[in-house]
Amino acid sequence: MSSAKLEHVIIVGGGLGGLATALSFHYLFPRHNLTAPRITIYEREPTESSRINEGYTMAIRGDRVGGAVQALKTINQDLYNDIRSMAAPEGDKNVAMQFSFGVNCDLNPALKLNTSAGEDSFRIARFKLRNRLVEELKHFDESKIKLEWDSHVIKADYNKEKNKVNVELKDGRTNECDLLIVADGAHSSVRRYMCSEEKLNFQKCISLSCVTTIDDGESLPSPIKTSPLVGITGKGIGIFMATIDEKSFFWGVIYPSNEERPPPYKGSVMTKDEQEEFVNEVLTRTNGCLSNEFRSFVRKCDRERILILNSHDKFPHKNPSKKHIIFIGDALHPMNPTSGNGANMAIMDAVEFFQLLIKHHEKQDNYLITRSIDEFDRDHVQRSTVAIKISHRNMASAVATGFKFQLNKIIMRIVAFAINNPLLFKSLLIGFVSVIIMILILYVRKFF
Ligand SMILES: Cc1cc2nc3c(=O)[nH]c(=O)nc-3n(C[C@H](O)[C@H](O)[C@H](O)COP(=O)(O)OP(=O)(O)OC[C@H]3O[C@@H](n4cnc5c(N)ncnc54)[C@H](O)[C@@H]3O)c2cc1C
C-alpha cells in the first residue's frame, strides 16, 4: 500500500531521540521546501523536570562514526551553539578520556586519549540537554508540534484498511497517524507489545552511580579537572568519574554479577535506609581498591541522585517498515553506558532517518515511508551493532582481574599510542610487518 502521505506523525517518548526527531521535522523539512507534518509527542513523565535528579553527564561526540555533534548542527546551528555553551567545564579539550590502572587508580591517570584535530566532543548533563530540546519545541505553535506530558503509550499497530497506525494510551485515549516513531527508550512498551520476542540481554555487570557536590573551599578530584577518567582496579571493580559543573561530579562504580538487581534503582524512590545501604555497599565494594579521597566523596553524595543500572542491551531488530513504524534510539538498540554512545546514536538516528525521508520525498516516491525505513535499517543500524560490541569489550575490561587485567593494560597502552600518534604508529607497523616478511623469505629460501 502507498506510503506517501505524511500529514500526522506520532512520536512515542520525549527523550533525546524523540525530541531530536520532532525538531528535525520542523527544521529540516522547510529547508528543502517541504511542509512538515503535524506532530504529537507522547511522553510518559508528568513534567519536563521530573528526571532532573538524574545528574549523569553524557559524552556528545564529534567524530564522524558515532558522533551527535554533526547531527545537532544539522538540526540547527544556533541550538547547537546554545547546547555547547552548557557543556561540563573540562579543562583540556584535546584530551577525550584518561585511563588508569590498579589500586587507587582514581588518583593517577596513566594514559590520556587525545581527540582528533578539529573534533568538537563535549560532555553535558542529560537533564540540561533534554530540557534545552524541550525549550526549543516551544518555538513552534502547538498546532505544529504538541508535546503531551503524562501520556503513557501502551499499544500501537497498523490498520491496513485505513492505512494508518493506531496508538493506544494507558488512560484510554487513542490516536492515529501516518507514521509512528517509537523512541520510548530501552524498556520500550511499544517494542514489548509489537515484538515480544525481542528481549533485553543482561551483560552480567551492574553499575552503582551518584553525584557528589563539593563544599565551599573544597576542590573537585584533580584528575577529572582536565577530562573524564576511567579507572580499572584489577580487582573486579571499574570506576568512571566526570565533572558536571564547577561544584559537582558524576561517579559510577561497576562490578560483575550473575544476578540482576531488583528495584529500587533511583535514589529519589528509595527510603532513607535504602539510600544509606547503597552508600555502605559502594564503600564496602571499593575498600582496598579506590582511594580514601574517592570514598570520602561517596559518603557525601547526593542521595536523591543515586542510580543503579543492570547492564542491559539488545542488537537492533528489523523495523516494521510496511506498518509505517520505525523504532529509533534505545527502543531499537539499547546499549550499556560504557559504550558512551546511546545518546549519540539516538540523535543520529533521528537526523539520518530524516535525510532519507527528504531524499525520497524529493523523488516523489509513492513508498517514501517504507523505503526510508528500509534504507535506514540497511545503511545506518550497523553502527549501533558495532557500538554494542565495543560496550561488551569495555565492560569486560572494566572488571577484569589477573592475567586479563594485565593483558588489557598492554592493549590499552598500544591503542592509546596508536590513537595519539597515528603516523608514527603506522610507520612502526609497516616496519614491523616488513621485517617479518623478510625473515619469512629468508627462511623459505633456506629450504629451496
Ligand atoms: C549513567 C548513564 C550514562 C550515560 N552516558 C552516555 C554517554 O556518555 N554518551 C551517550 O551517548 N549516551 C550515554 N548514555 C545513554 C543515553 O542516556 C541513552 O542512550 C539515551 O538517552 C537514549 O535516548 P532515547 O531517546 O532513545 O531514550 P531516552 O532518552 O531514555 O528517552 C525515552 C523517553 O521515553 C519516555 N517513555 C518511556 N516509555 C514510554 C511510553 N510507554 N510512553 C510514552 N513515553 C515513554 C521516557 O520517559 C523517556 O523520556 C548514558 C546513560 C546512563 C544511564
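Predicted model only: the values in this text are computed from it and were never measured.

## What to know about the packing of aromatic side chains
Here comes step 1: One pass over the full model with this rule turns up 13 aromatic pairs.
Here comes step 2: Taken together, a centroid distance of 4.2 Å and an interplanar angle of 85° make the contact between Phe25 and Phe354 edge-to-face. Taken together, the residues Phe25 in helix α1 (residues 16-31) and Phe354 in helix α8 (residues 342-362) connect sequence positions 329 residues apart. When sorted by exposure, Phe25 lands in the same class as Phe354, which is buried.
Here comes step 3: Plain terms: the ring middles of Phe353 and Phe354 are 6.0 Å apart, the flat faces sit at 75° to each other, and that makes the pair edge-to-face.
Here comes step 4: A relative accessible area of 1% places Phe353 in the buried class.
Here comes step 5: For Phe354, a relative accessible area of 0% translates into the label buried.
Here comes step 6: Members of the aromatic cluster, each reached through a chain of ring pairs, are Phe25, Phe29, Phe353, Phe354 and Phe376.
Here comes step 7: If you follow Arg285 out to its NZ or CZ, it ends over the ring of Tyr255, 3.5 Å from the centre.

## Here we look at the site of the ligand
Here comes step 1: The full set close to the ligand counts 36 residues, and Gly17, Glu43, Ala59, Arg126 and Asp330 are the nearest of them.
Here comes step 2: In this structure, an oxygen atom belonging to the ligand sits 2.6 Å away from a side-chain N or O atom of Glu43.
Here comes step 3: One of the backbone nitrogen or oxygen atoms of Ala59 is found 2.8 Å away from an oxygen atom of the ligand.
Here comes step 4: Bound to the protein, the ligand loses 93% of the 1000 Å² it would expose on its own.
Here comes step 5: Considered class by class, the residues forming the shell around the ligand number 13 nonpolar, 14 polar and 9 charged.

## Here's the deal with the environment of Cys105
Here comes step 1: Mapped onto the elements of the fold, Cys105 is located in the loop between β4 (95-101) and β5 (111-114).
Here comes step 2: Spatially, the C-alpha atoms of Cys105 and Lys272 are 30 Å apart, while their sequence positions differ by 167 residues.
Here comes step 3: Not counting residues up to four positions away in its chain, the partners in contact with Cys105 are Ser100, Leu229, Gly231, Ile232, Thr233, Ile239, Cys289 and Leu290.

## Quick notes on unusual backbone geometry
Here comes step 1: Residue Pro263 is joined to Pro264 through a cis peptide bond whose omega torsion reads 10°.
Here comes step 2: Within the secondary structure layout, Pro264 lies in the loop between β15 (248-256) and α6 (272-286).
Here comes step 3: For Asn104, which is not glycine, the phi dihedral falls at a positive 60°.

## Focus on the environment of Tyr193
Here comes step 1: For Tyr193, the position within the fold is in helix α5 (residues 189-194).
Here comes step 2: Its relative accessible area of 39% is what places Tyr193 among the partly exposed residues.
Here comes step 3: Separated by 63 residues in sequence, Tyr193 and Arg130 have C-alpha atoms that sit 26 Å apart.

## Overview of the pattern of salt bridges
Here comes step 1: Scanning the model with the defined rule gives 26 salt bridges in all.
Here comes step 2: Between Arg305 and Asp302 there is a salt bridge, and its shortest N-O distance comes to 3.6 Å.
Here comes step 3: Judged by relative accessible area, Asp302 falls into the partly exposed class, the value being 27%.
Here comes step 4: We note a salt bridge from Arg371 to Asp365, for which the minimum N-O separation is 2.8 Å.
Here comes step 5: Overall, the relative accessible area of 40% leaves Arg371 in the partly exposed class.

## Examining helix α10 (residues 382-398)
Here comes step 1: Taking 1.5 Å as the rise per residue, α10 with 17 residues should run 24 Å; its terminal C-alpha atoms sit 25 Å apart, in good agreement.
Here comes step 2: Here α10 has its buried residues at Arg383, Ser384, Thr385, Ala387, Ile388, Ser391, Met395, Ser397 and Ala398.

## Things to note about helix α11 (residues 402-420)
Here comes step 1: The first and last C-alpha atoms of α11 sit 27 Å apart over 19 residues, in line with the 27 Å expected at 1.5 Å per residue.
Here comes step 2: Phe405, Asn408, Met412, Ala416 and Ala418 are the residues of α11 that are buried. Down the axis of α11, the sector holding all buried residues measures 155°, keeping them to one side. Within α11, the exposed residues directed more than 90 degrees away from the buried face are Phe403 and Ile410.
Here comes step 3: Among the structural elements, β4, β5, β13 (229-232), α10 and α12 (422-447) are those in contact with the buried residues of α11.

## Observations regarding the nonpolar core
Here comes step 1: By size, the foremost hydrophobic cluster in this structure holds 75 residues, and its most contacted members are Phe25, Leu179 and Leu180.
Here comes step 2: Ranked by the residues each element gives to this core, the list is headed by α8, at 10 residues.
Here comes step 3: What Leu179 contacts, discounting residues up to four positions off in sequence, is Leu6, His8, Val9, Ile10, Phe25, His324, Ile326, Phe353, Leu357, Ile369 and Ile373.
Here comes step 4: Ranked by size, the runner-up nonpolar core spans 29 residues in total, among them Ile237, Ile239, Val282 and Phe294.

## Quick look at the sheet that holds β4
Here comes step 1: One open sheet holds the 7 strands; their spatial order is β5-β4-β13-β14-β15-β12-β16, and the pairing between them is mixed. Only two strands of the sheet have a single partner each, and these edge strands are β5 and β16 (307-313). Across the sheet, the axes of successive neighbouring strands diverge by a mean angle of 20°, strand direction being ignored.
Here comes step 2: Here strand β14 (residues 238-245) runs beside β15; their pairing, made up of 7 bridges, is antiparallel. If you follow Met241 over to β15, its bridge partner there is Trp251.
Here comes step 3: Sheet strands in contact with α10 are β12 (201-213), β13, β14, β15 and β16, and its direction is about 125° off that of β16.

## Here's the deal with the domain arrangement of the protein
Here comes step 1: When the domains of the protein are assigned, the result is domain 1 (8-89 + 118-200 + 314-395), domain 2 (202-312) and domain 3 (414-447).
Here comes step 2: Taken residue by residue, the interface counts 19 residues in domain 1 and 22 residues in domain 2.
Here comes step 3: Surface buried jointly by domain 1 and domain 2 totals about 1600 Å² across both partners, of which 62% is contributed by carbon and sulfur atoms.
Here comes step 4: Our enumeration of links across domain 1 and domain 2 arrives at 0 salt bridges.
Here comes step 5: Where domain 1 touches domain 2, the interface holds 1 residue pair in polar contact (both at pLDDT 80 or more).
Here comes step 6: Breaking the side of domain 1 that touches domain 2 down by element, the ones donating at least two residues are β6 (122-125) and α10.

The rules behind these values
Each chain carries its own residue numbering, running from 1 in the written order of its sequence. Local features in a predicted model are, by the rule used here, given only for residues with pLDDT of at least 70; side-chain atom pairs are given and counted only at 80 or more, and totals for whole chains, interfaces and linings are based on all residues. With hydrogens and water excluded, all non-hydrogen atoms of the structure serve as input to the side-chain values. Pairs were defined over the aromatic rings of Phe, Tyr and Trp, the Trp ring being its six-membered one, requiring ring centres within 6.5 Å. Orientation was assigned from the angle between planes: stacked under 30 degrees, edge-to-face over 60, tilted for the rest. Counting from the N terminus, the helices are the DSSP runs of H or I reaching at least four residues and the strands are the DSSP runs of E reaching at least two. The buried label goes to any residue with under 20% of its type's maximum accessible area, the exposed label to any with over 50%, and the partly exposed label to all in between, with areas taken from a 1.4 Å probe on protein chains only. Ring-over charges, as used throughout, are those where CZ of Arg or NZ of Lys falls within 6 Å of the ring centre and within 35 degrees of the ring normal. Nearness is defined per residue: one heavy atom within 4 Å of the molecule or strand is enough. Within 3.5 Å is the distance limit for a polar contact, defined as a pair of N or O atoms, with the added protein rule that one can donate a hydrogen and the other accept it, and that residues adjacent in sequence qualify only through two side-chain atoms. Here the accessible surface of atoms and residues is derived via Shrake-Rupley with a 1.4 Å probe, and residues count as covered only by protein chains that are part of the display. For this classification, the nonpolar set comprises Ala, Val, Leu, Ile, Met, Phe, Trp, Tyr, Cys and Pro, the charged set comprises Asp, Glu, Lys and Arg, and every other residue, Gly included, is treated as polar. It only takes one pair of heavy atoms within 4.5 Å for two residues to be counted as in contact. Put simply, a salt bridge is a Lys or Arg side-chain nitrogen that is within 4 Å of an Asp or Glu carboxyl oxygen. By this rule, a helix spans an expected 1.5 Å times one less than how many residues it contains. Each direction from the helix axis to a C-beta atom contributes to the arc, which is the arc of those directions. To form a nonpolar core, buried Ala, Val, Leu, Ile, Met, Phe, Trp, Tyr and Cys residues must be joined to one another through side-chain atoms within 4.5 Å. Criterion used throughout: strands pair if DSSP finds at least two bridges between them. Fitted lines through C-alpha atoms serve as axes, helices being fitted only where they are in contact, and the angles separating the N-to-C directions of these axes extend from 0 to 180 degrees. Delimitation of the domains relies on an automatic or database domain assignment. Summed over both partners, the accessible area (1.4 Å probe) lost when two parts come together is defined as the buried area.

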